[in-house]
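Residue-level structural notes
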Amino acid sequence: MDGDRHPVKAIQDTETLAQRNARMAWWRAARFGMFIHWGLYSTLGGIWNGKREADHHSGEWIMNWDKIPVADYENLAKRFNPTQFNAEQWVAMAKASGMKYIIITAKHHEGFAMFDSKVNKFNIVDATPFKRDPLKELAIACQKQGIKLGFYYSQAQDWTFPGGAAAHGHWDKAQNGSFAEYLHNKAIPQIEELLTNYQQWGAPVEMWFDTPIDMTPQLAGEIVKVMNKHPNVIWDNRLGGGYEGDFLTPEQIIPPHGYPGQDWETHMTINNTWGYKSYDTDFKSVKTLLQDLIDVVSLGGNYMVNVGPDPTGVIPKQERDQLLAIGRWLEVNGDAIYGTHEGPFGHQPGCYSATEKDWRGDPLWVPGWDWRATAKPGKVYVSIFEWPHSEFSLPPLQARVTKAYMLADSRHRSLNFTQEQRSIKVALPPKAPDPIASVLVLDTVAGD
Ligand code: FHN
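Residues numbered from 1 in each chain as written. Predicted model: local features only at pLDDT ≥ 70, side-chain atom pairs only at ≥ 80, totals over all residues. Heavy atoms only, no water.

Quick look at the packing of helix α11 (residues 286–298) against helix α12 (residues 317–333) now. Put simply, α11 and α12 touch, their axes get as near as 9 Å, and they point 50° apart. Considered as vectors, α11 and α12 are oriented oblique to each other. Remark: the crossing between α11 and α12 carries right-handed chirality. Of the residues in α12, those touching α11 at Val 286, Leu 289, Leu 290, Leu 293 and Ile 294 are Gln 322, Ala 325, Ile 326, Trp 329 and Leu 330. Of the residues contributing to the contact of α11 with α12, the split by class is nine nonpolar, one polar and no charged. (Axes fitted to C-alpha atoms, helices over the stretch in contact; angles between N-to-C directions. Helix = DSSP H or I, 4+ residues; strand = E, 2+ residues; numbered from the N terminus. Parallel < 35°, antiparallel > 145°, perpendicular 65-115°, else oblique. Left-handed = near helix turned anticlockwise from the far one by under 90°. Contact = heavy atoms within 4.5 Å. Nonpolar A, V, L, I, M, F, W, Y, C, P; charged D, E, K, R; others polar.)

As structure tokens, this is what we get:
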């Protein structure tokens, strides 16, 4: 922590380890969350003036890519009427998918507030025919269904309010203004609204800041002052101004070795966009999503998968189907994920050999383990991706294994195993219980 350099000390600068562990406990146990990017951009679905955004352009950036004038963009609000939105259904879907928390965009870079804001009229209640506050409805539904709710807030970029930052620069004179005034007159008061208006329903548990363009230590410190009034609300590492927040945020990647000793969360799109694009059907398979979840948790991180609801308020069916399939796996195998941490064997991702070459002379691809391990006291969970045709062997373990069984076997029947100094060998059943990931459990006691 570089708390000495901060003009305003953040909770992370002053708390004890025990306090930090208590603050982070729910988040570390949760392991799997849902990101929701939903805003005015959803009404465009990636198409402006009949032209599709490039495949690598994310839907929520359409205003910036197409340099849409502020007045034209603001007009979109008049036709944003997501009458199919049903908070209960969204939350039930997240829950059935095994997700323990939801982070939704309260305001993305476009500057449109998806909540009832008294600070600025460019919001879903005042500027649209919909007139409802989805964040309030979600907060109520989340509380009822036992899911945690947090808010994404684009603190620096704001493409419709004068002075808001814009990556690649402003393109409309309506955007000209002072960044500090934008922060004082819009961002900070809206963050305060978000932190106080939903408290009665237990929200938010987390603030997710992003793209800290122009955030000086001084200006970030002003937001920290507000966050300090809500010490249990955790926040990510993208506030800016040198503040590290509570957790790292690898985006669209799984760091090959995790970040040992630190809290981190990989967040990932389900197709190639965060905000809805009507024509992006390049969805990741259930196998990829599920094995990524297991991979991330085996490295000690959280995994947050994004959905992009459409302008009517519906989460696209394919997104729902993929996630619900993961939920079905978690129903059987959730013990291998929730409340676990990285496994005891380290990690061996596939890589190109530094020394060996293939027949063409290119570096040889050395496959990593086709299993991943997670652990909690007295248990090691080995999620096997490729069912071995011969004996299954694991690296040595200091702890003594007392029993081996498949998690999917409701009777937890013991499997034969041997534990030697150099390896553990387990006689697995002939057929994999699951086509994507079958969990072998090792019960352990401290080694002699
Ligand atoms: O610009 C945003 C992007 O739209 C999206 O919200 C992602 C999620 O992490 N964050 C920014 C890019 O890093």
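Here the focus is the pairing of strand β1 (residues 32–36). The element β1 is extensively covered by neighbouring structure, given that five of its five residues are classed as buried. What you see with β1 is no split at all: Phe 32, Met 34 and Ile 36 on one side and Gly 33 and Phe 35 on the other are buried throughout. Both β1 and strand β9 (residues 302–307) contribute to a ladder of five bridges, which runs parallel. Note that in β9 the partner of Phe 35 across the bridge is Asn 306. Bridge analysis of β1 against strand β4 (residues 101–107) gives four bridges, and the strand direction is parallel. Bridging across to β4, Met 34 finds its partner in Ile 102. (Buried < 20%, exposed > 50% of the residue type's maximum accessible area, 1.4 Å probe, protein only. Pairing = 2+ DSSP bridges.)

With that out of the way, let us pick up the site of the ligand. Every one of the 13 residues lining the ligand counts as a neighbour, but Glu 60, His 109, Asp 210, Glu 251 and His 267 are closest to it. Here an oxygen atom of the ligand sits 2.9 Å away from a polar atom, N or O, in the side chain of Trp 61. One of the side-chain nitrogen or oxygen atoms of His 109 is found 2.7 Å away from an oxygen atom of the ligand. In isolation the ligand offers 320 Å² of accessible surface; the protein chains occlude 89% of this area. (Near = heavy atom within 4 Å. Polar contact = N/O pair within 3.5 Å; in protein donor to acceptor, adjacent residues only side chain to side chain. Areas by Shrake-Rupley, 256 points an atom, 1.4 Å probe, with all protein chains shown as cover.)

Before going further, it helps to examine helix α2 (residues 17–30). For α2, which comprises 14 residues, the first-to-last C-alpha distance of 20 Å matches the rise-based estimate of 20 Å (1.5 Å per residue) to within 8%. The axis of α2 is deflected most strongly, by about 50°, at Met 24. Of the positions making up α2, those classed as buried are Arg 20, Arg 23, Met 24, Trp 26, Trp 27 and Ala 30. Positioned one or two residues after α2, Arg 31 has a phi angle of 65°, which is positive. (Expected span 1.5 Å × (residues − 1). Bend = angle between axes of the 7 residues up to and from the residue.)

Here we take up the domain arrangement of the chain. On domain assignment, one finds that the chain holds domain 1 (3–339) and domain 2 (342–446). Its C-alpha centre places domain 1 at a distance of 35 Å from the equivalent point of domain 2. Carbon and sulfur atoms make up 61% of the area that domain 1 and domain 2 hide from each other, which totals about 1,600 Å². Run the count over domain 1 and domain 2 and you get one salt bridge. The partner of Asp 295 in a salt bridge is Arg 372, with the nearest N and O atoms 2.7 Å apart. For the pair domain 1 and domain 2, the number of links is five residue pairs in polar contact (both at pLDDT 80 or more). Breaking the side of domain 1 that touches domain 2 down by element, the ones donating at least two residues are α11 and α12. No other element matches the eight residues that α11 contributes to the side of domain 1 that touches domain 2. Each residue belonging to the side of domain 1 that touches domain 2 can be placed in one class, and the counts come to ten nonpolar, six polar and three charged. (Domains from an automatic or database assignment. Buried area = accessible area lost by both parts, 1.4 Å probe. Salt bridge = Lys/Arg side-chain N within 4 Å of Asp/Glu carboxyl O.)

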